[in-house]
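Here's the letter readout for the chains.
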Amino acid sequence: VREQKLFSLQLIRTGKESFSTSRNKRVPRIYAGYSATGALHFSTITSQDGKRVYLLPHNGITQIQQRRVPVGRGPKSPYWQFEVANVEGADFLLEHLQVYPEHSSRRVI
C-alpha cells in the first residue's frame, strides 16, 4: 500500500515582474480568480515601497469566483510581486491573476 501525503499551502508568491519595461508603474486594478474556505490576505511587494497587505474577506462562496483586490492607486515601482496567503488555515486554490499596470513616463521615483 502506497501512502499519499497531502500538503497544505500557506501562501503563493509570484516572481518579480517588470511588465516588459523598466519604467515605474502603478497597479491600481488586480482581479483574482480563486476558491477559498475562508478569508485571504493578498499582498503587493515592490522594489520601492516594500509589502502592502489587503484583506479579501470570505463571502461564503466556496466555488471559483473572480474578485477585485482593493489596491487603489497604491505604490509605484519598476518591479512587482504578488502574494496570496491563507488566514487562519483557510484552504484556497488560486486559478488566475489579472493585473492591469499603469505605466509612468518616469524611470526614477
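As a reminder, the structure under discussion sits directly above these lines.
Calculation criteria
Residues numbered from 1 in each chain as written. Predicted model: local features only at pLDDT ≥ 70, side-chain atom pairs only at ≥ 80, totals over all residues. Heavy atoms only, no water. Helix = DSSP H or I, 4+ residues; strand = E, 2+ residues; numbered from the N terminus. Buried < 20%, exposed > 50% of the residue type's maximum accessible area, 1.4 Å probe, protein only. Contact = heavy atoms within 4.5 Å. Pairing = 2+ DSSP bridges. Phe/Tyr/Trp six-rings, centres within 6.5 Å; stacked < 30°, edge-to-face > 60°.

Draft legend 1. Representation of the overall build of the protein chain. From N to C terminus, the protein chain includes zero helices and eight strands. Reading the secondary structure of the protein chain in the N-to-C direction produces β-β-β-β-β-β-β-β. Per-residue burial over the protein chain gives 36% buried out of 109 residues. Contacts in the protein chain between residues far apart in sequence, at least 24 positions, make up 79% of those at least 6 positions apart.

Draft legend 2. Broad picture of unusual backbone geometry. In this model, phenylalanine 19 sits at a positive phi of 55 degrees, which is unusual for a non-glycine residue. Judged by its relative accessible area of 19%, phenylalanine 19 falls in the buried class. Not every positive phi belongs to a glycine, and serine 20 is a case in point at roughly 65 degrees. Relative to the elements of secondary structure, serine 20 occurs in the loop between strand E1 (11-13) and strand E2 (25-36). The exposure class of serine 20 is exposed, given its relative accessible area of 77%.

Draft legend 3. Inspection of the pairing of E2 at higher detail. Most of E2 sits inside the fold, with ten of its twelve residues counted as buried. Relative to strand E6 (residues 76-77), E2 runs antiparallel, the two sharing two bridges. When the sheet's bridge partners are listed, lysine 25 is paired in E6 with serine 77. Across five bridges, the pairing between E2 and strand E5 (residues 65-69) is antiparallel. Paired with tyrosine 31 across the two strands is arginine 68, which belongs to E5.

Draft legend 4. Expanded view of the pairing of strand E7 (residues 80-86). Most of E7 sits out of view: seven of its seven residues are buried. Taking every second residue as pointing to the same face, both faces of E7 are buried, with Trp80, Phe82, Val84 and Asn86 on one and Gln81, Glu83 and Ala85 on the other. Note: E1 against E7, three bridges, orientation antiparallel. Looking at the pairing, isoleucine 12 lines up with valine 84 of E7. The pairing of strand E3 (residues 40-46) with E7 spans seven bridges and is classified as antiparallel. Bridging from a neighbouring strand, leucine 40 pairs with asparagine 86 of E7.

Draft legend 5. Looking closely at the packing of aromatic side chains. Scanning the model with the defined rule gives three aromatic pairs in all. Measuring from ring centre to ring centre gives 6.1 Å for tyrosine 31 and tyrosine 100, while their planes differ by 80 degrees; the resulting arrangement is edge-to-face. Of this pair, tyrosine 31 sits in strand E2 while tyrosine 100 sits in strand E8 (residues 92-103), and the two are 69 residues apart along the sequence. Between phenylalanine 42 and phenylalanine 82 the ring centres are 6.2 Å apart and the planes differ by 35 degrees, which places this aromatic pair in the tilted class. Here phenylalanine 82 lies in strand E7 and phenylalanine 42 lies in strand E3, a separation of 40 residues in the sequence.

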